[in-house]
Protein chains: 2
Amino acid sequence: MTQAASNLRIDRPPQTLREMALERMRSAIIAGYFKSGERLVERSLCDQLGVSRSVVREVIRYLEAEGLVESQHNKGPTVASLSWEQARQIYRIRLQLERDAAAACAEVADAATKAELERALKALEKAFAVGQTMGLFDATTRFYEVIFRSAGHDIAWEIVQRLNSRISRLRGLTLATKDRHVSGHARMAQICQAILDNDPEAAAQSVEEHLTEAAAIARRLLQAESDAEEER
Amino acid sequence: MTQAASNLRIDRPPQTLREMALERMRSAIIAGYFKSGERLVERSLCDQLGVSRSVVREVIRYLEAEGLVESQHNKGPTVASLSWEQARQIYRIRLQLERDAAAACAEVADAATKAELERALKALEKAFAVGQTMGLFDATTRFYEVIFRSAGHDIAWEIVQRLNSRISRLRGLTLATKDRHVSGHARMAQICQAILDNDPEAAAQSVEEHLTEAAAIARRLLQAESDAEEER
DNA sequence: TGTGGTATGTTGGTATACCGTCTGACGGAA
DNA sequence: TTCCGTCAGACGGTATACCAACATACCACA
């Protein structure tokens, strides 16, 4: 009966225009369709998204709260830009939260979790092989999601995702780096192994190394970019 | 001249109606003026705030992103309610971030920072003596702000503040507890001392004790409340 | 070249209207 | 009395028109 009932259920898309517009805008910013610092003109967004100004404005408010968009009085919203200082802080916060999550996950991981984690790692390997940045992005996200979710750290996961979207540009650059292809994968495998062994200490340690490395690469890239900017 | 120029400057409140409405709504929720789970009817909020529906809706979107308000499709926004599970997670995240901030602060604290911290602690003592919950609230916030800011953890501070606003009801209950008056103050002093000594380890340790204690009290209160609910 | 005025575009904010959904009240049937 | 269907009103979701304040770019004039 329960089964029948759940099959009978009419699940209309419980999605509002606003939610769809939000998704689009968010991924557009993350994907770099809107450049950092670019102005977001309400009316032109209305045209591009095909929705009314009310919707656009509400979406912008939401993204503003997420830190993806900045608004100045009477100047309108712009895509948030990221200084190295901010990026540094974000990597540090991620370190705290991911370390804790990995340790917690390693503590409680059961067979099902481990299987799922291995699947995620397999997918990650495949994505590394293909080399498509977007695919890597998703696979990495998936891998961490398993860790956070199984550790019961949903709220922390949400925070980390939000932080990640703020440094998405950096993450893209980082993932595209050659050496990252090798070491990144090795680090992930290391984290995975530690969890499979139910070894919280090792898991925390691996996460720490992984993130420290990522931050260092990000810093180098950002530095190089700003140097190039100055030369110009 | 620079002085004169800066004095001449007309600094009009760069505040929009929306921002003011946002502040009001946020503090109304934190102060408990709107109960947890209560529906927020847009049109009645318009009357109460004296602004138009657009503004109200944008504010609600913002609060939704902050996690203070929840919306269901075609049901409208409600004040977010908090389960113990969520509260647990929030305390855990705070632990990670506050511990790191305190340690970082202890590492870099100079004379000026220390002086400011001591001032904050003095204010805290006074607030404890007065016993006004709201004053305690502000003083505690101020104390932690000094720590986070001087450690250069602005983003983490923003996150912590947001988390705190989500557990504001719990914090209110916790602060009102009798034993908290004593031990809370002792803990704060301990944290402060560790920073004055530039001892990161001790600072982290003190924060950990303080927060673990707070979480335990919160849990007890929440449990008692839900028990009382069931009896009813 | 610099100054001041002007035109244009954009935002912040408001009012209003319309539709679809939800909810609760009312009234009739079993 | 209880159950159930219907219906009206409340409310959210969306669209649109309008206005004032402001910012910016441009232009003409000294």
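Remember, it's a predicted structure, so these values are computed and weren't measured experimentally. (Residues numbered from 1 in each chain as written. Chains lettered and ligands numbered in written order. Predicted model: local features only at pLDDT ≥ 70, side-chain atom pairs only at ≥ 80, totals over all residues. Heavy atoms only, no water.)

1. Comments concerning the protein's contact with DNA strand C
Then, number 1: By nearness alone, 20 residues border DNA strand C, and Arg43 and Arg53 of chain A together with Thr16, Leu17 and Ser54 of chain B come closest of all.
Then, number 2: Each atom of DNA strand C within 4 Å of the protein belongs either to a base or to sugar and phosphate, the latter forming 71%.
Then, number 3: Contacts to DNA strand C include Leu40 of chain A, whose backbone N or O atom sits 3.5 Å from a phosphate oxygen.
Then, number 4: The backbone of Glu42 of chain A places a nitrogen or oxygen atom 3.1 Å from a phosphate oxygen of DNA strand C.
Then, number 5: When the residues that make up the surface near DNA strand C are grouped by side-chain class, the tally is four nonpolar, six polar and ten charged. (Near = heavy atom within 4 Å. Polar contact = N/O pair within 3.5 Å; in protein donor to acceptor, adjacent residues only side chain to side chain. Nonpolar A, V, L, I, M, F, W, Y, C, P; charged D, E, K, R; others polar.)

2. With respect to the protein's contact with DNA strand D
Then, number 1: Taken together, the neighbourhood of DNA strand D is formed by 22 residues, with Leu17, Ser52 and Ser54 of chain A together with Arg43 and Arg53 of chain B sitting nearest.
Then, number 2: At the protein interface, 67% of the atoms of DNA strand D within 4 Å belong to sugar or phosphate.
Then, number 3: Note that a phosphate oxygen of DNA strand D is positioned 3.4 Å from one of the side-chain N or O atoms of Arg18 of chain A.
Then, number 4: With respect to DNA strand D, the backbone of Glu42 of chain B contributes an N or O atom lying 3.3 Å from a phosphate oxygen.

3. Looking at the packing of aromatic side chains
The geometry of two aromatic rings is summed up by the distance between their centres and the angle between their planes.
Then, number 1: Under the counting rule described, the total for this entry stands at six aromatic pairs over all chains.
Then, number 2: Ring geometry for Tyr33 of chain A against Phe34 of chain A: centres 5.1 Å apart, planes inclined by 80°, an arrangement best described as edge-to-face.
Then, number 3: Note on Phe148 of chain B and Trp157 of chain B: the rings are 5.2 Å apart at their centroids and 35° apart in plane angle, and the pair reads as tilted.
Then, number 4: It is Arg171 of chain A that lies over the ring of Phe137 of chain A; its NZ or CZ is 4.6 Å from the centre. (Phe/Tyr/Trp six-rings, centres within 6.5 Å; stacked < 30°, edge-to-face > 60°. Lys NZ or Arg CZ within 6 Å of the ring centre and 35° of its normal.)

4. So, helix α3 (residues 42-49) of chain A
All names here are of chain A.
Then, number 1: Listed in full, the buried residues belonging to α3 are Glu42, Leu45 and Cys46. Buried residues of α3, seen end-on, are gathered within an arc of 105° and therefore sit on one face of the element. Opposite the buried face of α3, at more than 90 degrees from it, the exposed residues are Arg43 and Asp47.
Then, number 2: Taken together, the buried residues of α3 touch α2 (17-30) and α4 (53-66). (Buried < 20%, exposed > 50% of the residue type's maximum accessible area, 1.4 Å probe, protein only. Helix = DSSP H or I, 4+ residues; strand = E, 2+ residues; numbered from the N terminus. Arc of directions from axis to C-beta. Contact = heavy atoms within 4.5 Å.)

5. Topic: the environment of Arg61 of chain A
Then, number 1: With respect to the helices and strands, the residue Arg61 of chain A is situated in helix α4.
Then, number 2: Non-local contacts of Arg61 of chain A, meaning those with residues more than four positions away in its chain, are made with Ser71 of chain A together with Arg18, Glu58, Arg61 and Tyr62 of chain B.
Then, number 3: Among the polar contacts listed, one links the side chain of Arg61 of chain A to the side chain of Glu58 of chain B, at a separation of 3.0 Å.

6. Quick notes on the relation of the copies chain A and chain B
Then, number 1: Each copy of the sequence occupies a distinct position, and chain A is placed on chain B by a rotation of 180° and an axial shift of 0.0 Å, giving an RMSD of 0.1 Å. Put plainly, the chains are arranged around a two-fold axis.
Then, number 2: Here 100% of the interface residues in chain A have copies in chain B that are interface residues too; the copies meet face to matching face. (Least-squares fit on C-alpha atoms with pLDDT ≥ 70 in both.)

7. Some thoughts on the domain arrangement of chain A
Residues and elements named next belong to chain A.
Then, number 1: Parsing chain A into structural domains produces domain 1 (13-79) and domain 2 (84-231).
Then, number 2: Relative to domain 2, the C-alpha centre of domain 1 lies at a distance of 27 Å.
Then, number 3: Contacts between domain 1 and domain 2 engage five residues on the former and four residues on the latter.
Then, number 4: Buried area between domain 1 and domain 2, summed over both chains or domains, comes out near 560 Å², and the portion from carbon and sulfur atoms is 59%.
Then, number 5: The largest per-residue losses of area from domain 1 upon contact with domain 2 belong to Ile30, Glu66 and Leu68, which jointly make up 66% of the total buried on that side.
Then, number 6: Run the count over domain 1 and domain 2 and you get zero salt bridges.
Then, number 7: Per-class residue counts for the side of domain 1 that touches domain 2 are three nonpolar, one polar and one charged. (Domains from an automatic or database assignment. Buried area = accessible area lost by both parts, 1.4 Å probe. Salt bridge = Lys/Arg side-chain N within 4 Å of Asp/Glu carboxyl O.)

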